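Below are the chains, spelled out letter by letter.
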Amino acid sequence: MEVTTKDMGTVTVVTIVGSVDGLTAGALQTALEGQIQGGKARLVADFAAVDYASSAGLRTLLAAMKEARRAGGDFRLAAVRPDVLRVLELSGFTSILKLYPGTDEAVASYGP
Amino acid sequence: MGSLNDKKVALVIGAGSVKCAAALGLQNVFKREGIEIDLVVGCSAGSMYAALIAAGYDVDRVTDMTKRLWTRDLTSQRDRMALLRVAFPRLFGFDATFGMRKDAPVMRRLREAFGDLTFEGMKIPLHITATDFANGEQVILSSGSVVDAIRASISIPYIFSPYKIGDRLLIDGFMSDPLPVNVAMREGADVIIAMGFESPNQTKINSVGRFSFQLSSIMTNNLLKSRFAFHNITHHSEVIPIVPRFDQRVRLFDTDKIPYIIEVGERAAEEQLPYLRRLLGGDATEAAGA
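Parameters at a glance
Residues numbered from 1 in each chain as written. Chains lettered and ligands numbered in written order. Predicted model: local features only at pLDDT ≥ 70, side-chain atom pairs only at ≥ 80, totals over all residues. Heavy atoms only, no water. Phe/Tyr/Trp six-rings, centres within 6.5 Å; stacked < 30°, edge-to-face > 60°. Helix = DSSP H or I, 4+ residues; strand = E, 2+ residues; numbered from the N terminus. Buried < 20%, exposed > 50% of the residue type's maximum accessible area, 1.4 Å probe, protein only. Lys NZ or Arg CZ within 6 Å of the ring centre and 35° of its normal. Disulfide = S-S within 2.5 Å. Contact = heavy atoms within 4.5 Å. Salt bridge = Lys/Arg side-chain N within 4 Å of Asp/Glu carboxyl O. Polar contact = N/O pair within 3.5 Å; in protein donor to acceptor, adjacent residues only side chain to side chain. Nonpolar A, V, L, I, M, F, W, Y, C, P; charged D, E, K, R; others polar. Pairing = 2+ DSSP bridges. Axes fitted to C-alpha atoms, helices over the stretch in contact; angles between N-to-C directions.

**Looking at the packing of aromatic side chains**
Then, in step 1: Counted according to the given criterion, the structure contains 5 aromatic pairs over all chains.
Then, in step 2: Judged by centre distance (5.1 Å) and plane angle (45 degrees), the ring pair of Y52 of chain A and Y275 of chain B falls under tilted. Of this pair, Y52 of chain A sits in strand β3 (residues 42–53) while Y275 of chain B sits in helix α10 (residues 258–281), each in a different chain. Each member of the pair, Y52 of chain A as well as Y275 of chain B, carries the same accessibility label: buried.
Then, in step 3: Ring pairing ties together the aromatic residues F94, F98 and Y158 of chain B, which thus form one cluster.
Then, in step 4: Lying over the aromatic face of Y110 of chain A, R76 of chain A brings its terminal NZ or CZ to 4.0 Å of the ring centre.
Then, in step 5: Directly above the ring of Y57 of chain B sits R61 of chain B, whose terminal nitrogen or CZ lies 4.0 Å from the centroid.

Take a look at the structure:
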């Protein structure tokens with residue numbers, strides 16, 4: 001799994017490539033926590049290149065969502081693939097996270 | 001533990017009528033890959049497949065047994081007294097043992113398949129879930145007669161009467177949790193393979209029966225998701241959901257579609273293989289603590 005970040009105004013887009021699972025959860029958690037602790041709590045995770053998600057990986061997203069909201073921001077998902085979306089739906093994540101078709105929409109959702 | 005590493009692997013087969021045969025496809029894939037299961041949990045029709053797998057039967061035998069076990073004539077014997085009890089409850093004494101079909105055919109089939117097998121005699125530890133009709137609590141059956149446990153777990157409301165084990169009157173396991181991942185968690189499983197099935201929505205509602213089925217599907221699917229979401233978040237290691245996608249419509253007793261169902265189960269299991277191989281094959285320390 002690879003994680004890269006890009007600031008777009010007041011929003012930080014975190015692009016994740018690969019699998020969000022128990023074997024990559026630690027690295028992903030470190031990356032997301034680093035952003036939030038660095039004052040970047042308005043996050044968009046670009047999931048276009050995430051091809052797999054497991055329960056341990058999803059728990060990392062949940063932790064990031066809670067941290068970001070606690071810091072006054074949010075953690076939003078963009079471009080989730082159908083297979084990953086199915087896992088998110090079954091796990092209840094689609095009822096607590098905001099999802100957008102693409103990163104542009106997700107970034108714009110934060111407003112100016 | 002028989003897995004590729006020291007992780008305890010559990011297979012949970014949820015409610016889903018004949019679609020539960022997809023678990024045989026998963027069994028095929030796991031056997032080919034050398035992934036051994038340390039614990040099996042079954043609910044409703046999934047309890048039959050869980051028991052067949054736990055008994056150590058091979059896939060061909062289980063497939064053959066399934067075709068004979070789960071056929072339309074299981075519900076062929078109407079209980080005329082039950083109808084009279086519905087029509088004249090005071091006169092004929094309507095009570096909690098209500099069911100529209102006699103269970104003699106299903107009991108006969110289960111005895112043919114499992115005989116006097118007990119949980120204690122299973123090759124792989126087995127747990128079957130049912131629901132206490134008195135209060136809705138999940139009941140985990142882990143000892144005694146396998147036939148009795150399956151009969152209780154498949155007590156489909158309105159169709160089969162609730163079934164008494166000990167001092168509890170039990171109904172279908174799906175009423176408390178259609179995918180009882182919690183049992184595997186309680187039993188100390190690390191990696192939990194959870195094969196679940198969403199209840200189909202009715203495309204056309206033109207009878208009271210279909211109206212009732214649709215209500216049941218809505219409640220069951222919401223229960224499935226809410227329970228799974230909780231277990232998914234609270235488990236210490238991995239819960240890997242496998243929800244097979246069926247392009248063809250599969251009805252309650254479509255046993256002629258079992259080869260197709262098994263194939264769908266195989267495909268669904270294969271989608272999880274790359275991660276399972278990595279998870280069970282080596283450096284899974286991080287996963288356990290994630």
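Back to the text.
**A closer look at the state of the cysteines**
Residues and elements named next belong to chain B.
Then, in step 1: Scanning the model with the defined rule gives 0 disulfides over all chains in all.
Then, in step 2: Among the cysteines around C20, which has no disulfide bond, C43 carries the closest sulfur, lying 8.3 Å off.
Then, in step 3: The class for C43 is buried, based on a relative accessible area of 0%.

**Considering the environment of M48 of chain B**
All names here are of chain B.
Then, in step 1: As for its placement among the helices and strands, M48 is situated in helix α2 (residues 45–54).
Then, in step 2: Between the C-alpha atom of M48 and that of R168, which follows or precedes it by 120 residues, the distance is 21 Å.
Then, in step 3: Discounting residues that sit within four places of it in the chain, M48 has contacts with L69, W70, L110, F114 and I150.

**Comments concerning the interface of chain B and chain A**
How big an interface is tends to be stated in terms of the accessible area lost upon association of its parts.
Then, in step 1: Contact residues are listed per partner, giving 26 residues for chain B and 23 residues for chain A.
Then, in step 2: Joining chain B to chain A, the criterion identifies 2 salt bridges.
Then, in step 3: With a closest N to O distance of 3.0 Å, R245 of chain B and D83 of chain A form a salt bridge.
Then, in step 4: Seen at the junction of chain B and chain A, the total is 14 residue pairs in polar contact (both at pLDDT 80 or more).
Then, in step 5: For the side of chain B that touches chain A, the elements supplying multiple residues, two or more each, are α9 (208–234), β8 (238–242), α10 and α11 (285–289) of chain B.
Then, in step 6: When residues of the side of chain B that touches chain A are assigned to their parent elements, the largest contribution, 6 residues, is made by α9 of chain B.
Then, in step 7: Broken down by class, the residue content of the side of chain B that touches chain A amounts to 14 nonpolar, 5 polar and 7 charged.

**Considerations on the sheet that holds strand β2 (residues 11–20) of chain A**
Two pairing modes exist for strands in a sheet, parallel and antiparallel, and in both the strands are linked by backbone hydrogen bonds.
All names here are of chain A.
Then, in step 1: Read from one edge to the other, the open sheet built from 5 strands follows the order β1-β2-β3-β4-β5, with strand pairing classed as mixed. Edge positions in the open sheet fall to β1 (2–8) and β5 (99–100), since each of these has one partner strand only.
Then, in step 2: Of the strand pairs in this sheet, β3 and strand β4 (residues 74–78) are connected by 5 bridges, and their pairing is parallel. Each residue of the ladder has a partner; that of A45, found in β4, is L77.
Then, in step 3: Where helix α2 (residues 55–70) meets the sheet, it contacts β2, β3 and β4, and its direction lies at approximately 135 degrees from that of β4.

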